[in-house]
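Structural overview
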Amino acid sequence: MELDWGNLLFIIMSAVFVNNYVLQRFLGICPFLGVSKKLDQATGMSIAVIFVMLLATAVTWPIQTFLLTPNNMDYLQTIVFILVIAALVQLVEIILKRYIPALYKSLGIYLPLITTNCAVLGVTVLNITEGYNFAQSMANSFGSGLGFFLAMVIFAGVRMRTETCDAPDSFKGLPITLVSAAIVAASFNGFAGVVETLFGN
Amino acid sequence: MKANNAPSKLSILTNGIIKENPVLVLVLGTCPTLATTTSVSTAIGMGIAAAIVLICSNILISLLRKIIPDSVRIPCYIVVIAGFVSVVQMLVQAYFQDLYNALGVYLPLIVVNCIILGRAEMFASKHTVGESALDGIGMGIGFTLTLLVMSTIREVLGSGTFAGISVPFFSSYNIPILTQTPGGFFVFGCLIALVARITHGKVKHAATGCGNCPNAAVCGKIGKEA
């Protein structure tokens, strides 16, 4: 099977800009609002998300294709996927703690948050429903993670401003954060046609 | 009804609707709230599906609360919730094909809806079966009502219809951006601000957006370490 690099690039670019997980698909909103206060936390969380997304796809795609579908057990998808992701995150945490303590120190605290992150479960389920092959699935996961990273970093910058701004009392805290998220999301609407024209086949 | 003769039971039921509204006060389950409120019908479908899972998982987790060892409780909750989500998913696919297509990936994602895991952890694991069921019903109604309010705002102003029926005046002057992503964030932010204004800050919502999410402890740790 030959890899179609143009197609893979198109998938990655669409996942980053057009179907951005946070800003267009509303997945992973909790960490987007919770961990985006400081730039370094946002970066750490996003790197952990990219890593787990790739790993989860690498495991769940073969499970779905070679185990669930041939045995007519598609209905078990949700249970199997969430369990695999939960086990995987635990395993990564243990391995990192044991062998790469430096990395564990910087990423470890974000890992438990990822088990119940809908972006990770979302990307594995969407890869199946979109009918992607393995390479396309990996590309989509990488792009989605990268999109999450981009949204987090941009929003961390925006938030530094909103934290200090003088908002009306009832808008202080979360509401003003959400309204500024709306403006960031609106800016991403502009990418819709661009990626199709540049990278579409 | 049990709820009518015991005031404390009644308060458990109404708690979820107003005082501890899962979406607007506890700020849980933001992803489905933002994603499925583009139209009234999908919002109600999502609300009811999540409410059914919430009630069933609350009851079962409350029944099992003495059997489940503390150290593995979160994985146990996830398995229970995932089981009910699969059941609901199959029912919706069998009887409401249109809704199934409209909800798409958000239906299996009820598994990671933090309202359900949050209530399992905060309430069902500590209370009796009856109370947990009432809490599930109250929270479910609160969630569905909030989705209804938000989707009404977004659909009427955004596409000039209510549950697909054209609304006079609004159908000729609509603001399409409200049905898109930015509108979701904007309406949600304004609704939370409105609740804060009405309650005069008496009801304190979670500032981080993690709310009563079982992960909030870890989130808080991140905030402190930095």
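Going by the structure above, here's the rest.
A brief structural summary. (Residues numbered from 1 in each chain as written. Chains lettered and ligands numbered in written order. Predicted model: local features only at pLDDT ≥ 70, side-chain atom pairs only at ≥ 80, totals over all residues. Heavy atoms only, no water.)

Across its full length, chain B carries 10 helices and 2 strands. Order of helices (α) and strands (β) in chain B, N terminus to C terminus: α-α-α-α-α-α-α-α-β-β-α-α. With 226 residues in all, chain B has 52% of them scored as buried. Nonlocal contacts in chain B, meaning residues at least 24 apart in sequence, comprise 74% of its contacts between residues at least 6 apart. Per element, the accessible surface of chain B, about 9,900 Å² overall, is 68% carbon and sulfur. (Helix = DSSP H or I, 4+ residues; strand = E, 2+ residues; numbered from the N terminus. Buried < 20%, exposed > 50% of the residue type's maximum accessible area, 1.4 Å probe, protein only. Contact = heavy atoms within 4.5 Å. Areas by Shrake-Rupley, 256 points an atom, 1.4 Å probe, with all protein chains shown as cover.)

What follows is about the overall build of chain A. Along chain A, the regular secondary structure elements total 10 helices and 0 strands. In sequence order, chain A lays out its α and β elements as α-α-α-α-α-α-α-α-α-α. Relative to the globule expectation of 17 Å for 201 residues, the C-alpha radius of gyration of chain A, 18 Å, shows essentially globular dimensions. Overall, chain A is about 60 × 45 × 30 Å in size when its C-alpha atoms are taken along their principal axes. When burial is assessed residue by residue, chain A has 52% of its 201 residues classed as buried. In chain A, of all internal contacts separated by at least 6 residues, the share reaching a separation of at least 24 is 78%. Accessible surface for chain A amounts to roughly 8,800 Å². Of this, 67% is attributable to carbon and sulfur atoms. Taking the 9 positively charged and 10 negatively charged side chains of chain A as two groups, their mean positions are separated by 16 Å. (Rg over C-alpha atoms; globule rule 2.2 N^0.38 Å. Lys, Arg positive; Asp, Glu negative; His and termini not counted. Charge placed at Lys NZ, Arg CZ, Asp CG, Glu CD.)

This paragraph deals with the nonpolar core. Residues Leu23, Phe32 and Leu121 of chain A together with Ile110 and Phe185 of chain B are the most contacted members of the largest nonpolar core, which totals 102 residues. Discounting residues that sit within four places of it in the chain, leucine 23 of chain A has contacts with Phe32, Ala151, Ala181, Val184, Ala185 and Phe188 of chain A together with Thr181 and Phe185 of chain B. Grouped together as the second largest cluster of nonpolar side chains are 6 residues, Leu8, Ile11, Ile12 and Ala139 of chain A included. (Core = buried A, V, L, I, M, F, W, Y, C linked by side-chain atoms within 4.5 Å.)

As a measure of interface size, the accessible area lost when the parts come together is often cited. Between chain A and chain B, the residue contacts involve 43 residues of the former and 48 residues of the latter. A buried area of about 3,800 Å², summed over both sides, lies between chain A and chain B, and 78% of it is on carbon and sulfur atoms. Where chain A packs against chain B, one counts 0 salt bridges. Viewed at the interface, chain B and chain A are joined by 5 residue pairs in polar contact (both at pLDDT 80 or more). No other element matches helix H9 (residues 174-189) of chain A, which puts 9 residues into the side of chain A that touches chain B. Grouping the constituent residues of the side of chain A that touches chain B by class yields 30 nonpolar, 10 polar and 3 charged. (Buried area = accessible area lost by both parts, 1.4 Å probe. Salt bridge = Lys/Arg side-chain N within 4 Å of Asp/Glu carboxyl O. Polar contact = N/O pair within 3.5 Å; in protein donor to acceptor, adjacent residues only side chain to side chain. Nonpolar A, V, L, I, M, F, W, Y, C, P; charged D, E, K, R; others polar.)

Under the 1.5 Å per step criterion, the end-to-end length of helix H8 (residues 134-164) of chain A is 45 Å for 31 residues, consistent within 8% with the ideal 45 Å. For H8 of chain A, the N-terminal cap is asparagine 133 of chain A; the gap from its side-chain oxygen to the backbone nitrogen of alanine 135 of chain A is 3.1 Å. (Expected span 1.5 Å × (residues − 1).)

All names here are of chain B. Counted by the stated rule, this structure contains 4 salt bridges over all chains. The shortest N-O distance in the salt bridge between aspartate 70 and arginine 73 comes to 3.7 Å. Of the residues examined, aspartate 70 reaches a relative accessible area of 57% and is grouped as exposed. A salt bridge links arginine 119 to aspartate 135, with the nearest nitrogen and oxygen atoms 3.0 Å apart. With a gap of 16 residues between them, arginine 119 in helix H7 (residues 114-124) and aspartate 135 in helix H8 (residues 129-159) connect regions that are remote in the sequence. Here arginine 119 matches aspartate 135 in class, with each residue buried. Each member of the salt-bridge network shares a partner with another, and the members are Asp70, Arg73 and Glu121.

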